[in-house]
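Residue-level structural notes
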Amino acid sequence: MTDDVRLYRAAKILTLDPRRPAATHVAVAGDRILAVGDDELEREHGPASGLFDGLVVVPGFVEGHAHATEGMVWRLPYVGFHDRAQPDGEVVAGCRSTAALLDRLRQLERGLEDGDQPLFAWGYDSIYFSDKPMRRDLDRVSARRPIVLYHSNLHLITVNSAALAQAGITRDNRVEGVYVDADDEPNGELAEVAAMFPVFRAVGDPLLANPCDADDLRRFGRACHRAGITTVADLYNYLDDEGLRVMAETTAEAGYPVRIAAALATTPYSVAQLRDRLGQVSDRGHARLHLGAVKIISDGSIQGFSARVRQPYVNGIENGVWYEAPPRIRDLIHALHEAGVRLHVHVNGDEAAELVLQAFAEAVAASGPGPGHVLQHAQMMDREQLARARDLGLMVNFFANHTWYWGDQHRDATVGAEIAARMNPARTALDLGLDVAIHCDAPVTPLGPLFTMWCAVNRLTASGQVLGAGERITAAEALRAVTLAPAISLGLDARVGSISPGKLADFTILEQDPLATEPLRIRDIAIRGTLLGGVWQPAA
Ligand SMILES: [Zn+2]
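Let me sum up the structure you'll find in this document. (Residues numbered from 1 in each chain as written. Predicted model: local features only at pLDDT ≥ 70, side-chain atom pairs only at ≥ 80, totals over all residues.)

1. Re the overall build of the protein chain
Helices and strands together make up the secondary structure of the protein chain, namely 18 helices and 23 strands. Taken over C-alpha atoms, the radius of gyration comes to 23 Å for the protein chain, in line with the 24 Å a tight globule of 540 residues would show. With the C-alpha coordinates aligned to their principal axes, the bounding extent of the protein chain is approximately 80 × 55 × 50 Å. Buried residues in the protein chain amount to 54% of all 540 residues. Taking the intrachain contacts of the protein chain between residues at least 6 apart in sequence as the baseline, contacts between residues at least 24 apart amount to 71%. (Helix = DSSP H or I, 4+ residues; strand = E, 2+ residues; numbered from the N terminus. Rg over C-alpha atoms; globule rule 2.2 N^0.38 Å. Buried ≥ 20, exposed ≤ 12 C-beta atoms within 10 Å, placed from the backbone. Contact = placed C-beta atoms within 7 Å.)

2. Points about the sheet that holds strand β10 (residues 156–159)
Strand pairing in a sheet relies on backbone hydrogen bonds. The paired strands run either parallel or antiparallel. Here we have five strands laid out as an open sheet, ordered β8-β9-β10-β12-β11, and mixed in their pairing. A strand with exactly one partner marks an edge of an open sheet, and here the two such strands are β8 (119–124) and β11 (178–180). Here the strands of the sheet are splayed against their neighbours by 25 degrees on average, with no regard to which way each runs. Strand direction decides the pairing type here: β8 and strand β9 (residues 147–151), joined by five bridges, are parallel. The partner of Ala 121 across the bridge, within β9, is Leu 149. Sitting on the sheet, helix α3 (residues 98–111) touches β8 and β9, and the angle it makes with β8 is about 150 degrees. Sheet strands in contact with helix α6 (residues 192–203) are β9, β10, β11 and β12 (186–191), and its direction is about 110 degrees off that of β12. (Pairing = 2+ DSSP bridges. Axes fitted to C-alpha atoms, helices over the stretch in contact; angles between N-to-C directions.)

3. Remarks on the pairing of strand β21 (residues 507–510)
Residues of β21 alternate between two faces, with Phe 507 and Ile 509 on one and Thr 508 and Leu 510 on the opposite face, all of them buried. In terms of strand pairing, strand β4 (residues 49–59) meets β21 through four bridges, oriented antiparallel. Within the sheet, the bridge partner assigned to Val 57 lies in β21 and is Ile 509. The pairing of β21 with strand β22 (residues 527–532) spans four bridges and is classified as antiparallel. Within the sheet, the bridge partner assigned to Phe 507 lies in β22 and is Leu 531.

4. Quick look at the environment of Ala 68
Inspection of the secondary structure puts Ala 68 in the loop between β5 (61–66) and α2 (69–72). On the basis of neighbour counts, which here come to 29 C-beta atoms within 10 Å, the residue Ala 68 falls in the buried class. Separated by 131 residues in the primary sequence, Ala 68 and Val 199 place their C-alpha atoms 23 Å from one another. Excluding residues that lie within four positions of it along the chain, Ala 68 makes contacts with Cys 212, Asp 216, Leu 217, Phe 220 and Asp 234.

5. A word on the packing of helix α10 (residues 326–338) against helix α11 (residues 350–367)
Angle between the axes and distance between the axes: these two values describe a pair of packed helices. Orientation of α10 relative to α11, taken along the N-to-C sense of each, is 35 degrees, at an axis distance of 9 Å. α11 is crossed by α10, and the crossing has right-handed handedness. Together, Pro 326, Ile 329, Arg 330, Ile 333, His 334, His 337 and Glu 338 of α10 and Leu 355, Val 356, Ala 359, Phe 360, Glu 362, Ala 363, Ala 366 and Ser 367 of α11 make up the contact between the two elements. Across the contact of α10 with α11, the residue classes break down as nine nonpolar, three polar and three charged. (Left-handed = near helix turned anticlockwise from the far one by under 90°. Nonpolar A, V, L, I, M, F, W, Y, C, P; charged D, E, K, R; others polar.)

6. Looking at α10
Between its first and last C-alpha atoms α10 spans 18 Å; for 13 residues at 1.5 Å apiece the expected length is 18 Å, and the two agree. Among the residues making up α10, those that are buried are Ile 329, Leu 332, Ile 333, Leu 336 and His 337. Each buried residue of α10 lies within a common arc of 110 degrees when the element is viewed along its axis, so the set occupies one face. Within two residues after α10, Gly 340 carries a phi angle of roughly 80 degrees, on the positive side. (Expected span 1.5 Å × (residues − 1). Arc of directions from axis to C-beta.)

7. Considerations on the sheet that holds β4
Read from one edge of the open sheet, seven strands run β3-β2-β1-β4-β21-β22-β23, paired in mixed fashion. Strand pairing shows two members of the sheet lacking a second neighbour, β3 (32–37) and β23 (535–538), which therefore form its edges. Averaged over all pairs of adjacent strands, the angle between their axes in this sheet comes to 35 degrees, without regard to strand direction. Of the pairings in the sheet, the one linking strand β1 (residues 5–14) to β4 comprises four bridges and is parallel in character. Paired with Ala 10 across the strands is Phe 52, a residue of β4.

As structure tokens, then:
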């Protein structure tokens, strides 16, 4: 054996490897796992390090659906409803009433110097307010300065009259996604790209249009590390030359704390350009940057009423907004499937899932099975749709955090009690034999695989009610859904996702065993740090 073998012992090692599910010792050589076992390994490798004595080692958490934008949103002030930790861990208090939100905005407005400089803020979510602040409320903060609030789902913005005027959006000049009030006047809420774009063109867009800079990516890395994540997906990245250069260089910096799997965004590219771009970017990957997949967004967000649904929303809104036109979604799926490209397809509403399932059925019929495509969010898929997904060889990655963040709203205001109870149907999908991952979609909700596990295991809403008890899964199933399953979804399971000889030594070190913890306490388990490629990164 080589000299650089390190042997670690722990109270328990949960490997996620069926050949040896539990162990006490793991030997690491360089950046790889050499052997997994018990104190027998001490005879071969000498005394074990006591660094993890009394602690529990699990495979490094894999967040299979997030956005590096999490590192960028903190350029802007946060005005969300819930308290939220910044990447450095400091918590910003939520704005829990319209009055509190408008007060925060006035305070921010006074802090801006130039009288015409737009005021941007992020994290807002109108669904939490019965008297939701609209254009006219924002006009009371400033009638002259454009104000743009990015919703937490990033599928909508709410703007004031000055922003609408500069964008040229009026009752007579409006596109799909421009919402109106009782007088048929634009009310300031704009859903999806076509409606938001005129505002961005007129007053700027500090978030969605820009690639992350190095500081954004460093903030993103710190936030992942705090959450115990060792591999994270950045699931919609334009990967233009500059954005890719910054990402490749920053993730290669010594001590960068997480591996990133970045999926190429479709919107700026034709099918032919996507194939070219994939070819150009694929050789820029390295040990901490994985490239090669494509992300397609089909519809909007359920809490923003912009997801495409098969029945009207409970509040009377007829339907949501396609993110890309259905014929284009079909073309993308057909062509990229045929080219053997792994696809991550955002489907929130059940009508969107239907379109995408049909497109995959046609693609599989034409050119055989795919490389492991993933339906992302898949929140409203029913049993029959899930069975078809399984038969097409697709995986699902559910947005488990929704139950806590918006479960009450889904029951009362968006899709109604019956559908809300079977949203993010992890139990049904597992019973059907699908491979199930769960995710947070940061910055939509915060990074935190233990919290995401807690959501899937307990299905509690923010008001403390269990929503859809029949869709709860076990802690063991949830642990797989934040480690091995998302590794499979990213095509990285040969390298990460379980503690198996030959894989990278990516571990998350916990104070308690999440499988033996009272289910309601899973989210409270302390994270001591991570090992990334064998390098110890203690929690800050
Ligand atoms: Zn997303």
